[in-house]
Amino acid sequence: MDRDMLWRWDQVLKTHPNGMRFSCFGENGDLLATNEYFSVGGGFVVNEKTKVDENLFYKGVDKTKVHGARLHQTHSISDPEHHVPLIDSQGTEAQKPNDGEGDEHPPYPFDSGNTLLALTKKHNMTIAQIVHDNEKHFGYTDEDIHSKIMRIWEVMDECIHTGVSTAERTLPGRLGLRRRAPMLYRRLMRGFYPGVAYSTSDRPAISAGSEWPDAPEAILPGPHEQQAQSQSPSDADPEMAKFADPDADAHSQNSSEAASPKKSANTASSSRWSTSDSTSKHDTAGARSSVVHNASSAGRAPRVTGSFNHALLPMPPRRTVIPAMDFLSCYAIAVNEVNASGGRIVTSPTNGAAGVIPAVLKYIIEFVSDDPEKSIQTFLLTASAVGMLFKRGSTISAAEGGCQAEVGVACSMASAGFAACMGASPETVLQAAEIGIEHNLGLTCDPIDGLVQVPCIERNSLGAVKAVTAAQLSMASDGVYSVTLDEAIEAMRLTAADMSVKYKETSLSGLATTVRIPLTVPAC
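Residues numbered from 1 in each chain as written. Predicted model: local features only at pLDDT ≥ 70, side-chain atom pairs only at ≥ 80, totals over all residues. Heavy atoms only, no water.

Asks: Explain the overall build of the chain residue by residue, including any values.
Replies: For the chain, the helix and strand inventory stands at 20 helices and three strands. Scored against the burial criterion, the 524 residues of the chain give a buried share of 47%. Counting every atom, the chain has about 26700 Å² of accessible surface; 53% of that belongs to carbon and sulfur. (Helix = DSSP H or I, 4+ residues; strand = E, 2+ residues; numbered from the N terminus. Buried < 20%, exposed > 50% of the residue type's maximum accessible area, 1.4 Å probe, protein only. Areas by Shrake-Rupley, 256 points an atom, 1.4 Å probe, with all protein chains shown as cover.)

Listed below in structure tokens is the structure:
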């Protein structure tokens, strides 16, 4: 390694900060060949010869078997198109393969939010339909597209399940960071009965009572046992009266069906809410939190911090459950803890921001959607369109643009997907994406100890919550806005160019330098 690899920390290649130069020397030290490769974010690797396309060659794809439209897509919207002729083994120009009717471009090409919006208006199509038909241009059938999208979601969902069900307590690395997804998930599931919900999944039921699988002493009694211990639920807390009502108890059982993780969207469809009113779902979760709170306070008096000999008495400690934020946070943290431990994830759009999109889509499937498979396709196709705009107009690499290029872009993509699943117009969907990135502009990347753990894991959690908030704001704006998505993407590009290299994945400043790393560090 020391003989063959030369690390030049003082030099940065011009094309991209994440670059590597390979050189081949002869026996006498003469340079025989050299090439440079750049990791531009999202798993894409390009060099001078391949950067004129959308990186179809990063896995060594045979150019003669690639559709003509793939060969001539520009990596950057500022770069001119290069029509490179294909040369066969005899040195003559070969015919372009898979050209169909000679059209080198998809039926609905777009390179900006404005052109995408114009296409949706001209053809009366949604953004998801535009992307779907563009994929068909490359030889995929409707069934192919459906199966590939569902496979992507299956891996995302499996990643969430792995994160919330693991028995490991800490993440790799000298930070010794404590895993939180299993604990958060079990807290959210308290009051539910594991295994009661109907499910066709082969996965074992996740216990709802303990924070960790090997801590049976932490298991809480079910709601009916807790009611028996109290003299009168309605007297103790007005919210408790809901559990005295058989209808409220029925809603609670329906809630357990919604919160159970599934292996795929088909399974999610079979164990979804039986009620259609989302308000009743949240009311049920609120009632459940009251049960847990009263049970825990009945055992011993809570410790209050503050003086009782003061005009302003201290507030007693209490815990509340806000279902949307709590489940979104739990799902996102689960994914990024799997990523931090070397597990399998979906790059969406990057590894460091892989938790935002799965968390928002999981929430839609479990708590909102009446047709999970349709929601999965609509969400992912819409989000991918927004991701394309960022990749062409700015960057999705933290080494080039800081965390705004990763969690910021993921938040924007998830915002658009959420709004699309709510039936919003294409204009509102793009406005949701704009809000999602606008309020992540300038977000720095300064991971402690160079690990994708702190602040990355929590940042995905907040990115998921912010994505839903952005979508809700856009749908409540009635088409009134001041900044377009294209303007926000350009602002992000300028911000990335002006940002110091110390805040671009280098761990040279920010949290990476202010936080001291002791031998053991509690969860931050």
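Asks: So, the packing of aromatic side chains: which residues are in play, and what are the values?
Replies: The final tally for this structure, using the stated rule, is four aromatic pairs. When the ring of Phe327 is compared with that of Tyr331, the centres are 5.9 Å apart and the planes differ by 45°; the resulting orientation is tilted. Here Phe327 pairs with Tyr331, and both are found in helix H12 (residues 323-340), just four residues apart, close to one helical turn. Taking relative accessible area as the criterion, Phe327 reaches 2% and is therefore assigned buried. Members of the aromatic cluster, joined through ring pairs, are Phe327, Tyr331, Tyr363 and Phe367. (Phe/Tyr/Trp six-rings, centres within 6.5 Å; stacked < 30°, edge-to-face > 60°.)

Asks: Which residues make up the environment of Leu6, and what values go with them?
Replies: Inspection of the secondary structure puts Leu6 in the segment before strand S1 (19-25). Among the residues examined, Leu6 registers a relative accessible area of 69% and is labelled exposed. Along the chain, Leu6 and Arg21 lie 15 residues apart, while their C-alpha atoms are 9.8 Å from each other.

Asks: I'd like a rundown of a nonpolar patch on the surface, residues and numbers included.
Replies: Among the surface-exposed residues, Trp7, Trp9, Met20, Phe22, Tyr37 and Val45 lie close enough to one another that they form a single nonpolar patch of about 680 Å² accessible area. Looking at where Tyr37 falls in the secondary structure, it is placed in strand S2 (residues 31-41). Given a relative accessible area of 34%, Tyr37 falls into the partly exposed group. (Patch = residues over 30% accessible without salt bridge, like charges linked within 9 Å, V, L, I, M, F, W, Y side chains within 5 Å. Salt bridge = Lys/Arg side-chain N within 4 Å of Asp/Glu carboxyl O.)

Asks: Describe the packing of helix H16 (residues 407-421) against helix H18 (residues 456-475), listing the residues and the values that go with them.
Replies: For the pair H16 and H18, the least separation of the axes is 8 Å and the interaxial angle reads 40°. In terms of orientation, H16 lies oblique with respect to H18. Regarding H16 and H18, the two cross each other, and that crossing is right-handed. Residues Val407, Cys411, Ala414, Ser415, Phe418 and Ala419 of H16 pack against Arg459, Asn460, Gly463, Lys466, Ala467, Val468, Ala470, Ala471, Gln472 and Met475 of H18. Class assignment for the residues of the contact of H16 with H18 results in ten nonpolar, four polar and two charged. (Axes fitted to C-alpha atoms, helices over the stretch in contact; angles between N-to-C directions. Parallel < 35°, antiparallel > 145°, perpendicular 65-115°, else oblique. Left-handed = near helix turned anticlockwise from the far one by under 90°. Contact = heavy atoms within 4.5 Å. Nonpolar A, V, L, I, M, F, W, Y, C, P; charged D, E, K, R; others polar.)

Asks: Help me get a handle on the pairing of S2, residues and values and all.
Replies: Pairing of S1 with S2, which is carried by seven bridges, proceeds in the antiparallel orientation. Each bridged residue has a counterpart across the sheet, and for Met20 the counterpart in S2 is Tyr37. Where S1 folds back on S2, the antiparallel hairpin that results is connected by five residues, among which Gly29 adopts a positive phi of roughly 85°. In the sheet, S2 pairs with strand S3 (residues 44-46) via three bridges, with the strands oriented antiparallel. Counterpart to Gly41 in the pairing with S3 is Phe44. The loop that links S2 with its antiparallel partner S3 comprises two residues; one of these, Gly42, has a positive phi angle of about 70°. (Pairing = 2+ DSSP bridges.)

Asks: Explain the layout of surface pockets residue by residue, including any values.
Replies: Taken as a whole, the second largest pocket holds about 1300 Å³ of empty space. Lining the second largest pocket are 26 residues; nearest its centre among them are Leu6, Trp7, Arg8, Gly19 and Met20. When residues in the lining of the second largest pocket are grouped by element, the largest group, six residues, is from S1. Residue composition of the lining of the second largest pocket, grouped by class: 13 nonpolar, six polar and seven charged. (1 Å grid on protein atoms, 1.4 Å probe; cavity = no way out; pocket = protein on both sides within 12 Å on 5 of 7 lines; lining within 4 Å. Points joined across faces, edges and corners; volume = space filled by probe spheres on them.)

Asks: An account of the environment of Phe418 is requested, with residue identities and associated values reported.
Replies: Tracing the sequence through the fold places Phe418 in helix H16. A sequence separation of 38 residues divides Phe418 from Leu380, and the C-alpha atoms of the two residues are 9.7 Å apart. Apart from residues lying up to four places away in sequence, Phe418 is in contact with Val360, Ile364, Phe379, Val468, Ala471, Gln472 and Met475.

Asks: Describe the sheet that holds S1, listing the residues and the values that go with them.
Replies: Overall, antiparallel pairing links the three strands, which are arranged S1-S2-S3 in an open sheet. Where the open sheet ends on each side, the last strands, each with one partner, are S1 and S3. Strand-to-strand, the axes of this sheet are offset by a mean angle of 25°, without reference to chain direction.

Asks: Could you give an account of the pattern of salt bridges, with specific residues and numbers?
Replies: Per the stated rule, a full pass over the model turns up nine salt bridges. For the salt bridge of Lys136 with Asp142, the shortest nitrogen-to-oxygen distance reads 3.3 Å. On the basis of relative accessible area, Asp142 is assigned to the partly exposed category, the value being 37%. Here Asp157 makes a salt bridge to Lys362, at a shortest N to O gap of 2.8 Å. Of the two residues, Asp157 is situated in helix H4 (residues 142-165) and Lys362 in helix H13 (residues 356-367); the sequence distance between them amounts to 205 residues. With a relative accessible area of 2%, Lys362 lands in the buried category.

Asks: Describe the environment of Thr506, and please don't skip the residues or the numbers.
Replies: Positionally, Thr506 belongs in the loop between helix H19 (485-498) and helix H20 (511-514). Look at Thr506 and you get partly exposed, because its relative accessible area is 30%. For the pair Thr506 and Gly450, spaced 56 residues apart in sequence, the C-alpha to C-alpha distance is 7.3 Å. Among the polar contacts listed, one links the side chain of Thr506 to the backbone oxygen of Lys502, at a separation of 3.3 Å. (Polar contact = N/O pair within 3.5 Å; in protein donor to acceptor, adjacent residues only side chain to side chain.)

Asks: How would you summarise the packing of helix H17 (residues 426-438) against H18 if you had to cite specific residues and measurements?
Replies: At their nearest, the axes of H17 and H18 sit 8 Å apart, and the two run at 135° to each other. In terms of orientation, H17 lies oblique with respect to H18. In this structure, the crossing between H17 and H18 has a hand that is right-handed. Contact with H17, carried on its side by Thr428, Gln431, Ala432, Ile435 and Gly436, involves Ala470, Ala471, Leu473, Ser474 and Met475 of H18 and no other residues of that element.

Asks: Describe helix H5 (residues 181-188), naming the residues involved and giving the relevant values.
Replies: For H5, the tally of buried residues reaches six of eight residues, placing the bulk of the element in the interior. Taken together, the buried positions of H5 are occupied by Ala181, Pro182, Met183, Tyr185, Arg186 and Leu188.

Any functional reading would require information that these geometric values do not contain.
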